[in-house]
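Single-letter residue listing:
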Amino acid sequence: MLIVSEETCREVVGRADAFAAVEQVFAAMARGDAYNFPVVREAIGWADALYGFKSGFDKAGQTLGVKSGGYWPHNGGKGLTNHQSTVFLFDPDTGRCTALVAGNYLTAARTAASSAVSIAHLARKDAKVLGMLGAGHQAGFQLRAAVEQRDFEKVVAWNYHPEMLPTLQAVAEEIGLPFEAVDRERLGAEADVIITISSAFEPQLMRDWIKPGTHLACMGTDTKGKQEVDPALLAAASVFTDEVAQSISIGEAQHAVAAGLIEEAAVTPIGAVIAGEHPGRTSDDEITLFDGTGVGLQDLAVAAVAAREAERLGKAQTATL
Ligand code: NAD
């Protein structure tokens, strides 16, 4: 069995690797060649933690496994990030455990790859201004992956806690893009692509603030009750997702569906666009919205890259169970 550390994952899985792995697995899901198993997520009654499993099987990529972990809100004082996760990979022919892969960096990498894939396939080609709503741990990863998809000239950003914005500004400046903190109305008026990556439980962006032609990647809502945008925005947009079942139950679409503003059939798996079965954006004025809920197969796809590359480069430890 291979053991791949956080440090090695950072070294061997770059943004392009994560993008390719996530794009491939989304397409495999849409073809029915890869499936996620039901998610388990429970409050454990200790340390205010939420703990669970995300698992699946990608027949096309021959990747079987489980990501185990969750959210420990008091980790900050212990020098640890609040989200903690570990991926186990298994041989699909025998069930033997083949790799134990650290999952914290990979979670951020695969989540950033997911919105980047949506921008690559759905945003207008002439998009120039990137809008960021959210400035927490994930936001920098999101920004770095997004700017590789279009010729962005500027970043505008808003965050619920404005004191967190300078960290995101430093990322934009490191990339060489001007950065401006703006109010939410201006974010909507200026941005051609908007990424929302917050832990909000109520709409942060209203339908009327969003201009025609915008692409939104709504990445923060991954639990029942969370919400980042006005449900009317989903009714006005062409809605895409990683997995429809999650989108309408724990993703951003849960609210628009519950309010009767859209139906399940209006939500398209992005894999269908990647596979060429759905045209994606069909006009420059269309608002497209990607509801990125986060599926286990994304974790397994990037963990498989980490295990393969770590082994190839002699950077994996080995152990016998
Ligand atoms: P974080 O704790 O580092 O940052 C939280 C962000 O949410 C900050 O920008 C903060 O200012 C903002 N926020 C906090 N309370 C808010 C409120 N009441 N209203 C509006 N904004 C508020 O978290 P993170 O690791 O950056 O993750 C951000 C979100 O993305 C979380 O909700 C997390 O669960 C989600 N997430 C989704 C996926 C996915 O695959 N879709 C993957 C990882 C994380």
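Predicted model only: the values in this text are computed from it and were never measured.

Right, let's get into the side chain of serine 68. Within the fold, serine 68 resides in strand 5 (residues 63-71). Residue classification places serine 68 among the buried residues on the basis of a relative accessible area of 14%. At 3.3 Å, the side chain of serine 68 and the side chain of tyrosine 51 are in polar contact. Aside from chain neighbours lying at most four places away, what touches serine 68 is Tyr51, Gly52, Phe53, Gln84, Ser85 and Thr86.

The subject of this paragraph is the side chain of aspartate 192. Along the chain, the position of aspartate 192 falls in the loop between helix 6 (184-190) and strand 11 (193-196). Under the relative-accessibility criterion, aspartate 192 is labelled buried at 19%. A polar atom in the side chain of aspartate 192 sits 3.0 Å from the side chain of lysine 211. Non-local contacts of aspartate 192, meaning those with residues more than four positions away in its chain, are made with Ala127, Lys128, Val129, Lys211, Gly213, Thr214 and His215.

Take the sheet that holds strand 9 (residues 154-158) next. Strand order across the open sheet formed by 8 strands is 10-9-8-11-13-17-15-16, with parallel pairing between neighbours. The open sheet has two free edges, formed respectively by strand 10 (179-181) and strand 16 (267-269), since each of these has just one partner strand. Averaged over all pairs of adjacent strands, the angle between their axes in this sheet comes to 20°, without regard to strand direction. Bridging between strand 9 and strand 10 involves 3 bridges; their strand directions are parallel. When the sheet's bridge partners are listed, valine 156 is paired in strand 10 with glutamate 180. Lying on the sheet, helix 4 (residues 137-146) is in contact with strand 8 (129-133), strand 9 and strand 11; it crosses strand 8 at an angle near 165°. This element, helix 5 (residues 165-175), spans strand 8, strand 9 and strand 10 of the sheet and lies at about 160° to strand 10.

Here we take up the environment of glutamine 149. Its location among the elements puts glutamine 149 in the loop between helix 4 and strand 9. Linking glutamine 149 and valine 117, residues 32 residues apart in sequence, is a C-alpha distance of 8.3 Å. Apart from the residues within four sequence positions on either side, glutamine 149 is in contact with Phe19, Ala116, Ile119 and Ala120. A distance of 3.1 Å separates a polar atom in the side chain of glutamine 149 from the backbone oxygen of alanine 145.

Cut-off values and rules
- Residues numbered from 1 in each chain as written.
- Predicted model: local features only at pLDDT ≥ 70, side-chain atom pairs only at ≥ 80, totals over all residues.
- Heavy atoms only, no water.
- Helix = DSSP H or I, 4+ residues; strand = E, 2+ residues; numbered from the N terminus.
- Buried < 20%, exposed > 50% of the residue type's maximum accessible area, 1.4 Å probe, protein only.
- Polar contact = N/O pair within 3.5 Å; in protein donor to acceptor, adjacent residues only side chain to side chain.
- Contact = heavy atoms within 4.5 Å.
- Pairing = 2+ DSSP bridges.
- Axes fitted to C-alpha atoms, helices over the stretch in contact; angles between N-to-C directions.

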